[in-house]
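Understanding the architecture of this molecule
Single-letter residue listing:
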Amino acid sequence: MSTQTDFRKITTNTLLLSKKSRTKIAALTAYDFLTARLLDKAGVDVILVGDSLGNVFQGNETTLSVTLDEMIYHTKAVTKGVDRAMVIVDMPFMSYQTNPDEGFRNAGRIMKETSAGGVKLEGGERVAETVKKITEAGIPVMGHIGLTPQSIHKFGSYKARGTSAEEARILLKDAKILEQAGAFSIVLEKIPASLAKKITESISVPTIGIGAGPNCDGQILVTPDMLGLNVEFRPRFVRHYAELASGIISAVNNYVEDVKKKQFPNSKESY
Ligand code: KIV
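Nothing here was measured: the structure is a model prediction, and the numbers come from that model.

The subject of this paragraph is the domain arrangement of the chain. Interfaces are often sized by the accessible area lost when the parts come together. Assigned domains within the chain: domain 1 (12-240) and domain 2 (243-271). Taking the mean C-alpha position of each, domain 1 and domain 2 sit 38 Å from one another. Every contact between the two is made by 6 residues of domain 1 and, on the other side, 4 residues of domain 2. Where domain 1 abuts domain 2, roughly 390 Å² becomes buried across the two surfaces, and 58% of that area is made up of carbon and sulfur atoms. We note a salt bridge from R234 to E243, for which the minimum N-O separation is 3.3 Å. Inspection of the domain 1/domain 2 interface yields 4 residue pairs in polar contact (both at pLDDT 80 or more).

See the structure below:
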């Protein structure tokens, strides 16, 4: 076991310093070992094992059915591929909403059973006590406000939040409450860029935006979306950095054709 500190490793402190020095934080999601290893090698600062795995890995309409055991299973695979990035784990629906003690116990389970660096949970004022309890135990907590997919049935749609003056006021208040409760960072999802800017300037911890404009301290996207794997999902906040779906389909077409035509494997590919 090494007793030396790895100064390259991203910590809550690195992220705080990034905000202070106005160095943007790049975050992406991962749910498996190979993807996590590639993201880490490519310099991503924060890897989120998001409960978006319910959508893009499991094929569900919502994230609600994702379990704590599933989050732990995926996180164990992800952390094995990561040397530098900070790995954050989404606490799934109903693993913290019941009461602060249960949230605290489940956050502790995630930290004990994976090598993650912290947890993320959705909500503002209503989860503040839980955030406080978890952070006081030394577990870094990332908040998440704006569009919170675990509350989809309350909101009834995935449209932008914080578009009315009253909703904007509540979101700004929620961000300040989460900061007070000890959150080391806050995800702002699908809110107007002007509101994200105001929140970012009003709190001392870094904001990570998704569909929240350019003025957050960092950005996050769901990796299969930005790699063009999730072909049906094309909201305007997702930039496609690759079109892997067409690349994969064409590679697999070629493979199928080669097998059918008895052109794979050839003698060099055989023993
Ligand atoms: O689950 C997830 O991937 C997320 C990001 C969209 C922030 O919460």
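Let us look at the nonpolar core. Generally speaking, a soluble globular protein has its nonpolar side chains buried in company with each other. Counting 54 residues, the largest nonpolar core has I47, L188 and I199 as the members making the most contacts within it. Ranked by residues supplied to this core, first place goes to helix α8 (residues 165-181) with 7 residues. Listed in part, the 14 residues of the second largest apolar core include L15, M86, I208 and I210.

Side-chain pairing between opposite charges can occur once the charged atoms of the two side chains come close. Enumeration according to the criterion identifies 12 salt bridges in this entry. With a shortest N-O distance of 2.7 Å, K120 and D90 are connected by a salt bridge. One end of the pair, K120, is in strand β4 (residues 118-120); the other, D90, is in strand β3 (residues 86-90), and 30 residues separate them in sequence. By the burial criterion, K120 is buried, and D90 matches it. E125 is paired through a salt bridge with K173; the nearest N and O atoms lie 3.3 Å apart. Within this pair, whereas E125 is found in the loop between β4 and α6 (128-136), its partner K173 is found in helix α8, the two being separated by 48 residues in sequence. Among the residues examined, E125 registers a relative accessible area of 46% and is labelled partly exposed.

This part is about the pairing of strand β1 (residues 25-29). Burial analysis of β1 places 4 of its 5 residues in the buried class, which makes it a mostly covered element. Relative to strand β2 (residues 46-49), β1 runs parallel, the two sharing 3 bridges. Within β2, the residue paired with L28 across the bridge is I47. Crossover handedness for the path β1 to helix α2 (residues 33-41) to β2: right-handed.

Within the structure shown, the criterion is met by 1 aromatic pair. The lysine or arginine in question, R161, covers the ring of F155, its NZ or CZ lying 4.0 Å from the ring centre.

Next up on the list: the site of the ligand. Lining the immediate environment of the ligand, one finds T29, L48, G50, D51, S52, D90, K120, H144, V187, I210, I220 and V222. Contact distances for the ligand include 2.9 Å between an oxygen atom and a side-chain N or O atom of K120. Starting from 260 Å² of accessible surface for the ligand in isolation, the protein chains cover 95%. Split by residue class, the shell around the ligand holds 5 nonpolar, 4 polar and 3 charged.

What counts and what doesn't
Residues numbered from 1 in each chain as written. Predicted model: local features only at pLDDT ≥ 70, side-chain atom pairs only at ≥ 80, totals over all residues. Heavy atoms only, no water. Domains from an automatic or database assignment. Contact = heavy atoms within 4.5 Å. Buried area = accessible area lost by both parts, 1.4 Å probe. Salt bridge = Lys/Arg side-chain N within 4 Å of Asp/Glu carboxyl O. Polar contact = N/O pair within 3.5 Å; in protein donor to acceptor, adjacent residues only side chain to side chain. Core = buried A, V, L, I, M, F, W, Y, C linked by side-chain atoms within 4.5 Å. Buried < 20%, exposed > 50% of the residue type's maximum accessible area, 1.4 Å probe, protein only. Helix = DSSP H or I, 4+ residues; strand = E, 2+ residues; numbered from the N terminus. Pairing = 2+ DSSP bridges. Right-handed = clockwise from strand over helix to strand, strands pointing away. Phe/Tyr/Trp six-rings, centres within 6.5 Å; stacked < 30°, edge-to-face > 60°. Lys NZ or Arg CZ within 6 Å of the ring centre and 35° of its normal. Near = heavy atom within 4 Å. Areas by Shrake-Rupley, 256 points an atom, 1.4 Å probe, with all protein chains shown as cover. Nonpolar A, V, L, I, M, F, W, Y, C, P; charged D, E, K, R; others polar.

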